[in-house]
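Here's the letter readout for the chains.
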Amino acid sequence: MKILVVDDFSTMRRIVRNLLVELGFSNPLIQEADDGESALAMLRTNAFDMVVTDWNMPNMTGIDLLRAIRAEPALKGLPVLMVTAENNRDQIIAAAQAGVNGYIVKPFTAATLQEKLTKIFERLAASGATA
Amino acid sequence: MDPMFDSELRDAFLAEAGDLVQRLGDQLIGLEASPRDSELLNAVFRAFHTVKGGAGFLAVEPMVQLCHHAEDLLNVARIGQLLIDAERMDALLEALDLLNDMLAALAGGQSMAMPPQGLLDRLSPAGRGGQAPKPIAMPVMPPPGDGPIDDAEFEALLDSLYGGGAPGAPAASPAPGGSISDDEFESLLDNLHGKGSAPGASEPPKSPSSPHAISDDEFEALLDNLHGKGAAPGAVHAAPSPTSSPAPAAPASRQAAPPENTVRVDTARLDALVHRAGELVLVRNRLISLAARHGDETLALAAAELDRVADALQTAVLGMRMQPVGRLFQRFPRIVRDLSRQLGKEVELVQEGEGTDLDRSLVEALADPMVHLIRNALDHGLEMPEERERAGKSRKGKVTLSASQRGERIVITVADDGRGMNPEVLRRKAVEKGVIDDAQAARLNENECYELIFRPGFSTAATVSDISGRGVGMDVVKTRVAELGGTLQVRSQLGRGSTLELAVPLTMAIQRVLMVRVGARLLALPLSNVEEVFELAPGQRQWLDGRVVAAHRGRALALADLGGWVGVDGAPGSHVVVLHIGHLRLGCLVHAVLGREDVMVKPLGPLFEGVPAVAGATVTGDGRLALVMDLAGLSASDGQLLPSLRISA
C-alpha cells in the first residue's frame, strides 16, 4: 500500500510515518511531500493508494489539495485522510463537502489512526460493492 | 504518556520548532509594522499552529496550551475581526519568549509549568473587557457550531453526502435490493438536517444542531443499515492488511521522497571536520617545506597538488561554518522594539548587508556585545522625540546596523542619528571620574576623546538607567571584541549621531598569523591585530614618561619586549611588529619576522589554562611548535602592559 504523507512540518511527517509503520504499513512505500503543490506533482507521476495530509500548509493547503485531487479524473478516487489540529465542525464539514474520506485530530495514537483507516476502507469497500 | 515520545523525535521537533520560533520573532515585529499583512498573519498563525501540533504528539501540555491561545488570537486577526495592537503584540511577544523558554526546558529535559493565566487572558481575543469579536458571519456554513464534531456525526455527514459510498467513487446509486432504501435515506437526512429541510443543490448540508445528534450505537445501526449486516468488504478496495501489503509496484527509486536540500548536522561534528581539515593544512605546510628542502621535483609537484586540494577543502569546510550575519541581526528588531517602548523613544531600525557571511562561533560570540551597542545607541545616542523635533530632526530616530566584508575581516557598524558626543564633555567627565588626569586629558585629540567611552569606569549617563546600566560598560564590550581578535572604534559628530564600528576576523577556526621569532622561540601573532612591521633604526628608541618608545610616523609608539615575556634572555630584537590591542597600539620587539601562515590553534590543555596572552599552540610548516598569542591578554584590565613586557634597558 503506497501512502503519501503531506505536511510542511517534517517532524509531523515523521510522526505519521512512524505510526503507519507501527500499524504494519511498509516504510519504504510511504513517501512524503511538504505541501499540497509538491504532493500533487508526486500524485500525478506516481501511483499512490492513499493520501494522509495536514490541513494547514503554505502554498497549497490540505483542503485545496483535496479539491485538486477530486477534480482530477485520474486521482479522484484516491482516499484522503485529513489531519487537523482542531476538532472543528465547520472545517470538517467543509472537508467532507470537498470529498474527504476521513479526518483525524492531532495528536493521535496508532490505535486512533487504525480506527480511522478501517472506517475509510470499510466505506471504500462498500462503494466498491455497489459500483 | 505517548509511546512514540523518543528522544530522536524530540530532537527533530526541537530543531524544527526552533527554526520556526526563531523566525517568529522577526515576523511578529514585522506584523506590528503592518498588522494587516495577511501573508504575515498566516505565517505567524501557522508557526504557532505547527508547534502546537508537534507539542501535542510529544504531550507537552503547557506548550500546547500556550500555542493554542496565541493561535486563537491570530486566527481572529487573520479573518480580519481584530487588529493586533501594541498591547496584543506585547502579549504575543511574551508568549514567544515563554515558548522559547519551554523549548529550552524541553531540550534540557526539565519540567515546565502551565503558562500563567494572566498571559492566556491577555492572548484571548476578548481579553480586554467587552471587546469580544463580533460573531463570525459565515455566509456559506449556516450555524457556526463551535462544538467539536464526533466520528458518528462525521460518518453520518459522509453518508448524507455520498449515501454510504466513498468520495470520488462512482455515484452510489441505491442498488436494487441494495443497502439503503429511499425511506431510510430520508430519515437519515431528517436526522441530520431536521425534518423537511433538505440539502439543496446549491445549499450545503447543515451541520447537526447538537454535537451529539447521533449516538455511537445509532451510528453503528445506521452503518449496518447502509451496508447490510456482515457485508463483506468489496474486492476492489480491501481493507489494509499489514501482513499482506502488496509488493512494491514500481522501483521506489523512480521518484524518491521529495528532494531534501539540506541536512542538519550536529555542530560538534562540523567542528570535528574543521579540526581535521586544519590538521591537513598543517601536514600540507610540512610537506611543502620538506619538498622545498629536498629539491625533489616530483615531491614538489605532489605537494603543490595537495596544497591546492587542501586549500579548497579548507575553504569549503570553513564555508560550512559560515552563517549570514542576518542570524545575528534577527534578534535586534525585537530588542529595539521593546527598548523604544520602554524609553518612550521612536526608533526605526535599518539593517544592511544581512547576507554577509560570518563564522558561526562569531555569530554567537558577537550577540552580547552587539546587544550592548544597540542598547547604548538607543539609550544614550538617540534623543527623545520632542528633543529631536526641537533640533529640527524627525521625531523618529534611526539606528542602522550594517555588515560588510573587508578583506579578511567582517565589519559591523551600529550607527545612530542621535545627539552625538561632545569631546569636551567626555574629557571633563574622564577627569572627574579619575580615569585620566588633566595633563593626559589635554593631550587627547578629538578621536581619542571618543575612545574614552571604552575606558573602565567611564559612563556618560548622568543616571544609571535600567537599559544600559546593567553593570556592563563599553569597556567590557571592547575587551570582549578584542578577545575575538577584533577591534571596536567609535566616530561621532555632535548633533548628528555616533557610529560604532566593530571589526572581527572572518573565521576563528583557522587563524592567519604572523610568525615571528624571539630568541629561539616561535610566536604566532594573529594577523588581524598586526598593523605593520618595521625595523628599528639606530637612535629611534627613546624614553618618554619612563617608558621606552619609538618615534614612528610622527608619534610615540610604546615598545614592548616579547622576549621578556617568553623568558628569552639577551637583548631585545630590532624588528618591530606594530599591534593594535583594543585601544592600545604597541610595538613589539622581535628578532625575526618569518612571514604569514595559516595555522590551526590547538588548546594547550588544563595545565596552561589561565596563562595570560596564550591562545594555544600550533605546529609550523617545518614541524616546530609555535605559541599562538592571544594579544588581548598582553594588557591587564586597567590597560597597563604586563610587567614582563617592559623594557628595562
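Residues numbered from 1 in each chain as written. Chains lettered and ligands numbered in written order. Predicted model: local features only at pLDDT ≥ 70, side-chain atom pairs only at ≥ 80, totals over all residues.

Time to look at the overall build of chain B. When you go through chain B residue by residue, the secondary structure sums to 20 helices and 18 strands. Counting the 649 residues in chain B, one finds 35% classified as buried. (Helix = DSSP H or I, 4+ residues; strand = E, 2+ residues; numbered from the N terminus. Buried ≥ 20, exposed ≤ 12 C-beta atoms within 10 Å, placed from the backbone.)

Turning next to the sheet that holds strand E2 (residues 347-352) of chain B. Residues and elements named next belong to chain B. Read from one edge to the other, the open sheet built from 5 strands follows the order E2-E4-E5-E7-E6, with strand pairing classed as mixed. At either margin of the open sheet sits one strand with a lone partner, and together these are E2 and strand E6 (487-493). Ignoring strand direction, the axes of neighbouring strands in this sheet form an average angle of 15 degrees. Relative to strand E4 (residues 397-406), E2 runs parallel, the two being bridged by 6 bridges. Across the sheet, the residue bridging to Glu 352 is Ser 402, located in E4. Packing against the sheet, helix H12 (residues 332-343) makes contact with E2 and E4, and its axis sits at approximately 165 degrees to E2. Sitting on the sheet, helix H19 (residues 474-483) touches E6 and strand E7 (497-505), and the angle it makes with E6 is about 135 degrees. (Pairing = 2+ DSSP bridges. Axes fitted to C-alpha atoms, helices over the stretch in contact; angles between N-to-C directions. Contact = placed C-beta atoms within 7 Å.)

Another point: the UniProt feature "modified residue: Phosphohistidine" (unreviewed entry) in chain B. According to UniProt, the positions carrying the feature "modified residue: Phosphohistidine" (unreviewed entry) are His 49 of chain B. If we skip the residues at most four places from it in the chain, His 49 of chain B touches Asn 56 and Ala 85 of chain A together with Glu 71 of chain B. (UniProt positions renumbered as here; feature names shortened; annotations may be inferred.)

On to the sheet that holds strand E11 (residues 541-544) of chain B. Residue and element names in this part refer to chain B. Taken in spatial order, the 6 strands of this open sheet run E10-E14-E15-E13-E12-E11, and their pairing is mixed. At either end of the open sheet lies a strand with only one pairing partner, and these are strand E10 (530-535) and E11. Strand-to-strand twist across the sheet, computed as the mean angle between neighbouring axes with direction ignored, equals 40 degrees. In this sheet, strand E12 (residues 547-552) lies alongside E11 in antiparallel orientation, the contact comprising 4 bridges. Across the sheet, residue Gln 542 finds its bridge partner in E12, namely Val 549.

So, on to the pairing of E4 of chain B. Here E4 of chain B runs beside strand E5 (residues 409-416) of chain B; their pairing, made up of 8 bridges, is antiparallel. The residue of E5 of chain B that forms the bridge with Leu 401 of chain B is Val 414 of chain B.

Quick look at the pairing of strand E18 (residues 625-629) of chain B now. Residue and element names in this part refer to chain B. In terms of residue burial, E18 counts as a mostly covered element, since 4 of its 5 residues are buried. When strand E9 (residues 521-526) meets E18, the two strands line up parallel, connected through 2 bridges. If you follow Ala 524 over to E18, its bridge partner there is Val 628. As paired strands, strand E17 (residues 614-619) and E18 are joined by 5 bridges and run antiparallel to one another. Across the sheet, Gly 616 pairs through a bridge with Val 628, a residue of E18. In this structure, the hairpin formed by E17 and E18 is closed by a connection of 5 residues, where Gly 623 is found at a positive phi of approximately 85 degrees.

Moving on: the packing of helix H1 (residues 7-33) of chain B against H12 of chain B. Residues and elements named next belong to chain B. At a minimum axis distance of 8 Å, the contact between H1 and H12 shows a crossing angle of 45 degrees. As the angle between them shows, H1 and H12 are arranged oblique. Crossing hand, H1 versus H12: left-handed. Contacts between H1 and H12 pair Gly 25, Asp 26, Ile 29 and Glu 32 from the former with Pro 333, Arg 334 and Arg 337 from the latter. Residue composition of the contact of H1 with H12, by class: 2 nonpolar, 1 polar and 4 charged. (Parallel < 35°, antiparallel > 145°, perpendicular 65-115°, else oblique. Left-handed = near helix turned anticlockwise from the far one by under 90°. Nonpolar A, V, L, I, M, F, W, Y, C, P; charged D, E, K, R; others polar.)

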